[in-house]
Amino acid sequence: MTGGETVLTLRAPLRRRLDATGVAWAALPGLDAEGIGSQEVWVEGEGRAVLGDVFEVHGAPAPRVRLVGDLTLVDGIGAGLSGGDLVVDGDAGRYLGRDMRGGVIEVRGNADSHAGAAQPGAKRGMTGGEIVIRGSAGPQVGAGLRRGMIVVERDTGEATGRGMLAGTILVFGSVGPDPGLWSKRGSIVAYGSLTPSAPYRYACTYRPPYLRVTLTYLKARHRVPVTPEQLAGHYRRYSGDLAELGAGEILAWIP
Amino acid sequence: MRVARVLITARTPWWAREAALKMTGFATSVIGCKCEAGIERELAPSETPDGRPGISVLLLTMAKDDLSKRLIERIGQTVLTCPTTSCFDGLPDAPDRVGVGSALRLFGDGFQGSKVIGGKRFWRIPVMEGEFLVEEKFGLQKGIGGGNFLILATSPDAALAAAEAGVEAIAPLQGVILPFPGGVVRSGSKVGSRRTKGMVASTNDAFCPTLRAVTTTALPETVNSVLEIVVDGLDARVVAQALRAGIDAACRDGIVGITAGNYGGKLGPHHFHLRQIMSPDGRAW
């Protein structure tokens, strides 16, 4: 055991993309090192492999799972997660938390595109749980988000929350172009620079009570560096996408 | 009885208290008010889900269904209407839960929305001021109503001073409320009525000094006034602690005796025997 966590350390820097969508992420806390090591992954251009070929496994079984290394080329980390804590001690690849239903994923570096997003052709992305990205997130973070919360402590790429159905995305840096396009419901909360998308209309400036609960929770549960000004501040509310249902919102904090 | 704990937060302690006072108004006894409610204590910002000052309220009813109705009525009419307030469940670990926000959301007329934060669902109801936030479900548990003691005094002034001291001693305790005005009852009742059929309760003539000569009195010769303190709480232990603290403080000059209304032991399953509570062993409650 390593402080109540299973640690998967990258054996060597990756040179090809690795698809880890097929790993039973929700079951990992209950598996021993052998069980984890035998989980199947797909290596681009090479085919089937197992986690044990790529990662050294220590401390299993344990309630928390931590991945160590530069995992920028590993896609689908935490796919289908339904509970427990998963930590990425580095950068993560595309489709982080794909089809996630519960639990928490913390990325201590950056995440590539489509974190928490719907897979290509699917109508909805993650349906529950929380993703906390300490760095930045690539394009289409939270695209098709159905439920759950995504926190990005730095910046996001273009089309943040594209086609959101519900849920919340909080961005503490700048938000990329075209946030919330095609969204039906859901909230994008911005603490840095943001240009509302065209089909969003300004509603009012106010203090959303639920944000106080959200920020208080994030500070206590995930140590997100929330300031007193953010907690007590005013927000500009934009409703949209008015070409869709229009029940979504962009909340832009006024420093 | 069944009890819920409601946390009301607001921009300032004053607004939280205003909402709490309205919510706990006309809630002295289940006999006439359908529920009993009171302010449990003030909450520091560090103790509330949204980091704002708050007030904790306990509300008790005889049955689970009643509790749900009373919470919806009272929160809907007094907290939702009060500027800057939000409303949260104060018994998050109670397995038994009733829908409150899930009913109040309908006031939003289709414009309401919900958020799941830390595994709990909250409803955002648009109002003219901005937005009202209320938790979807509230926990409930078995509670204790009607813990009481009577202060037998040589004069009305002595009775009032003793009752005030008792209330002051109970006020800091958590998990209990005193549902009557200022925590004190001057009109203790007996079960039923001598004259009027169907009356649930009528004046406790045995403890009325003015009736000493015309009824079977329970009052010693020197007693000229009696006041009662009624305690409701989350469990028997905290009610007993409150009774002990109140009695300790009420025993002062001008007090002839302390007793309790036991209603023939028919008020409920929990009996608080004052001699046991006040004995050294009773301090283990």
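What counts, and at which threshold
Residues numbered from 1 in each chain as written. Chains lettered and ligands numbered in written order. Predicted model: local features only at pLDDT ≥ 70, side-chain atom pairs only at ≥ 80, totals over all residues. Heavy atoms only, no water. Phe/Tyr/Trp six-rings, centres within 6.5 Å; stacked < 30°, edge-to-face > 60°. Helix = DSSP H or I, 4+ residues; strand = E, 2+ residues; numbered from the N terminus. Buried < 20%, exposed > 50% of the residue type's maximum accessible area, 1.4 Å probe, protein only. Salt bridge = Lys/Arg side-chain N within 4 Å of Asp/Glu carboxyl O. Contact = heavy atoms within 4.5 Å. Buried area = accessible area lost by both parts, 1.4 Å probe. Polar contact = N/O pair within 3.5 Å; in protein donor to acceptor, adjacent residues only side chain to side chain. Nonpolar A, V, L, I, M, F, W, Y, C, P; charged D, E, K, R; others polar. pLDDT = per-residue confidence, 0-100. Pairing = 2+ DSSP bridges. Lys, Arg positive; Asp, Glu negative; His and termini not counted. Axes fitted to C-alpha atoms, helices over the stretch in contact; angles between N-to-C directions.

### Focus: the packing of aromatic side chains
Residue and element names in this part refer to chain A. The final tally for this structure, using the stated rule, is six aromatic pairs over all chains. Summarising the aromatic geometry, the rings of Tyr191 and Tyr235 are spaced 5.8 Å apart at their centres and angled 85 degrees between planes, so their arrangement reads as edge-to-face. Here the residue Tyr191 occupies a position in the loop between strand S13 (187-190) and strand S14 (201-206), and Tyr235 occupies one in strand S15 (residues 235-240), the gap between them amounting to 44 residues. Assessed through its relative accessible area of 6%, Tyr191 is described here as buried. Residue Tyr235 is classed as buried on the basis of its relative accessible area of 1%.

### Focus: the pattern of salt bridges
Taken as a whole and judged by the stated rule, the model has 25 salt bridges over all chains. The salt bridge involving Glu106(A) is made with Arg134(A); its shortest N-O contact spans 3.0 Å. One end of the pair, Glu106(A), is in strand S9 (residues 102-107); the other, Arg134(A), is in the loop between strand S10 (130-133) and strand S11 (149-152), with 28 residues separating them in the sequence. In this structure, Glu106(A) and Arg134(A) share a single accessibility class: buried. Where Asp205(B) meets Lys190(B), a salt bridge forms, and the shortest distance between an N and an O atom there is 2.8 Å. Of this pair, Asp205(B) sits in the loop between strand S14 (201-203) and strand S15 (225-233) while Lys190(B) sits in strand S13 (residues 189-191), placing them 15 residues apart in sequence. Taking relative accessible area as the criterion, Asp205(B) reaches 13% and is therefore assigned buried. Salt bridges sharing partners connect three or more residues here, namely Glu5(A), Arg64(A), Arg66(A), Asp89(A), Glu106(A), Arg108(A), Arg134(A) and Glu153(A).

### Comments concerning unusual backbone geometry
All names here are of chain A. Of note, the bond from Ala60 into Pro61 is cis; its omega dihedral lies within 30 degrees of zero at -5 degrees. Looking at the element boundaries, Pro61 is found in the loop between strand S5 (55-58) and strand S6 (64-68). A cis amide bond links Gly240 with the next residue in sequence, Asp241, at an omega value of -10 degrees. Topologically, Asp241 is positioned in the loop between S15 and strand S16 (248-253). Phi at Trp182 takes a positive value of approximately 70 degrees, unusual for a residue other than glycine. Among the structural elements, Trp182 can be located in the loop between strand S12 (168-171) and S13. The partly exposed category is assigned to Trp182, whose relative accessible area is 43%.

### Points about the interface of chain A and chain B
Contacts between chain A and chain B engage 18 residues on the former and 17 residues on the latter. Carbon and sulfur atoms supply 59% of the area buried between chain A and chain B, which totals about 1,300 Å² over both sides. Ranking the residues of chain A by area buried against chain B places Pro209(A), Tyr210(A) and Val213(A) at the top, with a combined share of 39%. Here chain A and chain B share one salt bridge between them. In this structure, the connection of chain A to chain B is made through eight residue pairs in polar contact (both at pLDDT 80 or more). Examining the composition of the side of chain A that touches chain B, we find that seven residues originate from one element, helix H3 (residues 209-222) of chain A, more than from any other. Residues belonging to the side of chain A that touches chain B are distributed by class as follows: six nonpolar, six polar and six charged.

### Examining the confidence of the model for chain B
Across chain B, the average pLDDT comes to 95, with 97% of residues at or above 70. In the predicted assembly, ipTM is 0.94 and pTM is 0.94.

### Things to note about the sheet that holds strand S3 (residues 40-43) of chain A
Residue and element names in this part refer to chain A. Spatially, S4-S3-S2-S7 is the arrangement adopted by the four strands of the open sheet, whose pairing is mixed. On the outer flanks of this sheet lie strand S4 (47-50) and strand S7 (74-75), each paired with one strand and no other. Here S3 runs beside S4; their pairing, made up of four bridges, is antiparallel. Across the sheet, Val41 pairs through a bridge with Ala49, a residue of S4.

### Observations concerning the side chain of Arg212(A)
Looking at the secondary structure, you find Arg212(A) in helix H3. The buried charged residue Arg212(A) lacks any salt bridge, with Asp50(B) as its nearest oppositely charged partner at 5.0 Å.

### A few points about the sheet that holds S16(A)
Residue and element names in this part refer to chain A. As summarised here, the arrangement of the 12 strands in space is S5-S1-S6-S8-S9-S10-S11-S12-S13-S16-S15-S14, forming an open sheet in which the pairing is mixed. The open sheet is flanked by S5 and S14, the only strands paired with a single partner. For this sheet, the mean inter-axis angle between neighbouring strands, taken without regard to orientation, is 15 degrees. Each of strand S8 (82-89), S9, S10, S11, S12, S13, S14, S15 and S16 touches H3; the most contacted strand, S12, lies at about 70 degrees to it.

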